[in-house]
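Residue strings, one per chain:
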Amino acid sequence: MQIQAQSTAAEKPFADSQRYFQQFVDRLSSADTMHMTHGELERYMERDGFELLRLLFQDHLDMRGPGEAQSDVVGSDGVRRPHVRLLERRIKILFGTVVAGRMGYSAHDAETLFPRDAELNLPPSLYSHGVERRVANEVIKGSFDSAVESVAVTTGTTVPKRQAEETAARAATDFDAFYANRSAESTRAVAQTGEILALTTDAKGIVMRVESLREGTRAAAENSHHKLAKHLSPGEKRNRKRMAQVAAVYTITPFVRRPEDVVREMRPKADDAPAPTRPRPENKRVWASVDKSADEVVGAMFAEAKLRDPSGTKQWVALVDGNPTQLKLIKQNARRLGVAVTIVLDLIHVLGYMWSASLAINGEGSTAAEQWVTKRLLALLRGESSSVAAAMRRSATLRRMTTKDRAAVDTCADYLLKYRAYLHYDCYLADGVPISSGVIEGACRHLIKDRMDITGARWSLAGAEAVLKLRSLRSSGDLDEYWTFHEGADYVRNHADRFKAAPPATVLPLNLSRRGHLHAVN
């Protein structure tokens, strides 16, 4: 009976959608619609338009028939599937739910194979690639609750919250494979960019569900007691966070400056003061992972950099904030790849220490505090970090500051001396390399704080990792290219790998197979 219905559909394709379309036109031509406002008309067409598109999709599936194989169906296990039966499956597409009837080929103790599923590249889940992409787009922007609501409002289907989380995880499945399979053309294109190859990394905490914390943090969380019933107080969040490692790689053209230029740029500018023209980062890729270790993420950062500069013609620069673990990993990976990396301590981090020292010496709100910082910043940019550290200690001693009052001064001096190997700003400015880590700070804010730090959010490991990957793809401008790769990978994973050679061709609908081929006539 089902086969008969599909044969009829193949002989009279799109009958249901044509009938519905005519009803649609009749309704739009009726007196009732002549008194609708544009908003009412828009809402009516949106609602019934989805149904028309759903029927067109369904009629197309019916016209194609159940996908009878034109040759033997042999699985990757080498077993031929001689038994055939018609089976149906539901698919939620952007316009609603459709039903696909397809021939299943089976053998004793062997998986049933569906050549028609392979032809359509149907995912194993209920949701189509179009719905998956829409869910991915929405969870990039906001919470899973808002994503579920948006899908329900803007499409002809619905996705419950738990299924939305699973769908987002499937959407991000091929993230690592996508970047590992960058084409040779992409590599050559990057080779034409700026002479400086910048690498930078940082870590930010994400509030997690207890079961998704790393072992040590999980034990501390389980032994703590909530002060408030509905949410975590600031002190409690420390034992609820799992660190996400953020990385960025980009190329940039050298920007040579003098120390005086940098100091001038940092002063408040008049409204009519022209901003200096500076080169912008090129081919910037940013990403983050809460699942992988810092070691893995920094290793991937160096692999991405090597892909961009396989012949070693660019100047590699690593921007750091002084985190010992990150410094260690950068040096280890540089040795492993045999590349020379100039390590630069982010100037903005240094300035934070200098301002604390200045306020300890000069007090809050004084012009002397700003002048103190400006003078020492200029010396620092001239490569005199050790002298600056010694001078500020001497100044605190001459003022006879107590140990407590001068703590910020000593902390700043210790910081400058500890990291003086990465404070050669005079050389960095002459070479035109970047001296601040604005790119990674922006990545941390965009990838994590703006999305993962939503009030009250406690993340599962799978959900957090999926959202980080999807936001990373969008931030790097790679989401469209990734999606093409993802659908291709889905085909291989779900279909091609299940057949011995390739999925067999299926029988064409009668009305198409009878048309034959057109031939040119001279």
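Just so it is clear, the structure is predicted and the values come from calculations on it, not from any experiment. (Residues numbered from 1 in each chain as written. Predicted model: local features only at pLDDT ≥ 70, side-chain atom pairs only at ≥ 80, totals over all residues. Heavy atoms only, no water.)

Chemist: Whenever I open this one, the overall build of the protein chain confuses me. Can you help?
Modeler: Helix and strand counts for the protein chain come out as 23 helices and seven strands. Counting all 522 residues of the protein chain, 45% fall into the buried class. Contacts in the protein chain between residues far apart in sequence, at least 24 positions, make up 78% of those at least 6 positions apart. (Helix = DSSP H or I, 4+ residues; strand = E, 2+ residues; numbered from the N terminus. Buried < 20%, exposed > 50% of the residue type's maximum accessible area, 1.4 Å probe, protein only. Contact = heavy atoms within 4.5 Å.)

Chemist: Please explain the pattern of salt bridges as it appears in this structure.
Modeler: Side chains that differ in sign of charge can pair as their charged atoms come close. Considering all chains together, one arrives at 27 salt bridges under this definition. Note that Asp410 is salt-bridged to Arg406, the shortest N-O span being 3.1 Å. In this pair, the class of Asp410 matches that of Arg406, namely buried. The closest approach of N and O atoms between Lys449 and Asp453, which form a salt bridge, is 3.9 Å. Taken together, the salt bridges that share partners define one network made up of Arg393, Arg406, Asp410 and Asp414. (Salt bridge = Lys/Arg side-chain N within 4 Å of Asp/Glu carboxyl O.)

Chemist: Teacher, can you tell me more about the side chain of Arg285 here?
Modeler: If you trace the backbone, Arg285 turns up in strand 5 (residues 282-289). Within the structure, Arg285 has its side chain in polar contact with the side chain of Glu304 (distance 3.1 Å). Filtering out sequence-adjacent residues up to four positions away, Arg285 remains in contact with Phe175, Tyr179, Ala247, Ala248, Val249, Glu304, Arg308 and Ser476. (Polar contact = N/O pair within 3.5 Å; in protein donor to acceptor, adjacent residues only side chain to side chain.)

Chemist: Hey, could you run me through the packing of aromatic side chains in this one?
Modeler: Any two aromatic rings considered together are summarised by their centre-to-centre distance and by the angle between their planes. Tallied over the entire structure, the rule returns 13 aromatic pairs. With a centroid separation of 6.1 Å and 40° between ring planes, the pair formed by Phe302 and Trp316 is classed as tilted. In this pair, Phe302 is assigned in helix 13 (residues 294-308) and Trp316 in strand 6 (residues 315-320), connecting sequence segments 14 residues apart. Residue classification places Phe302 among the buried residues on the basis of a relative accessible area of 1%. Classification of Trp316 as buried rests on a relative accessible area of 3%. Aromatic pair Tyr419 and Tyr422: ring centres 6.4 Å apart, planes at 40°, arrangement tilted. (Phe/Tyr/Trp six-rings, centres within 6.5 Å; stacked < 30°, edge-to-face > 60°.)

Chemist: Please clarify how the environment of Ala303 should be interpreted in this entry.
Modeler: The residue Ala303 is located in helix 13 in this model. For the pair Ala303 and Ala180, spaced 123 residues apart in the sequence, the C-alpha separation amounts to 8.9 Å.

Chemist: Explain the nonpolar core here, please?
Modeler: In a soluble, globular protein the nonpolar side chains are often hidden away together inside. Counting 104 residues, the largest nonpolar core has Phe302 and Tyr425 as the members making the most contacts within it. The next biggest cluster of nonpolar side chains, apart from the first, holds eight residues, and it includes Met103, Leu113, Ala118 and Phe499. (Core = buried A, V, L, I, M, F, W, Y, C linked by side-chain atoms within 4.5 Å.)

Chemist: Would you mind showing me how to read the sheet that holds strand 4 (residues 241-252) here?
Modeler: As a general point, the strands of a sheet are linked pairwise by backbone hydrogen bonds and lie either parallel or antiparallel. Reading across from one edge, 5-4-3-6-7 is the order of the five strands in this open sheet, with mixed pairing throughout. The open sheet has two free edges, formed respectively by strand 5 and strand 7 (341-345), since each of these has just one partner strand. Each neighbouring strand pair of the sheet contributes to a mean axis angle of 20°, computed without reference to strand direction. As judged from the five bridges shared by strand 3 (residues 196-207) and strand 6, these two strands associate in the parallel manner. When the sheet's bridge partners are listed, Leu199 is paired in strand 6 with Ala318. Against the sheet, helix 13 engages strand 3, strand 4, strand 5, strand 6 and strand 7, with an angle of about 10° to strand 4. Each of strand 3, strand 4 and strand 5 touches helix 21 (residues 461-475); the most contacted strand, strand 5, lies at about 175° to it. (Pairing = 2+ DSSP bridges. Axes fitted to C-alpha atoms, helices over the stretch in contact; angles between N-to-C directions.)

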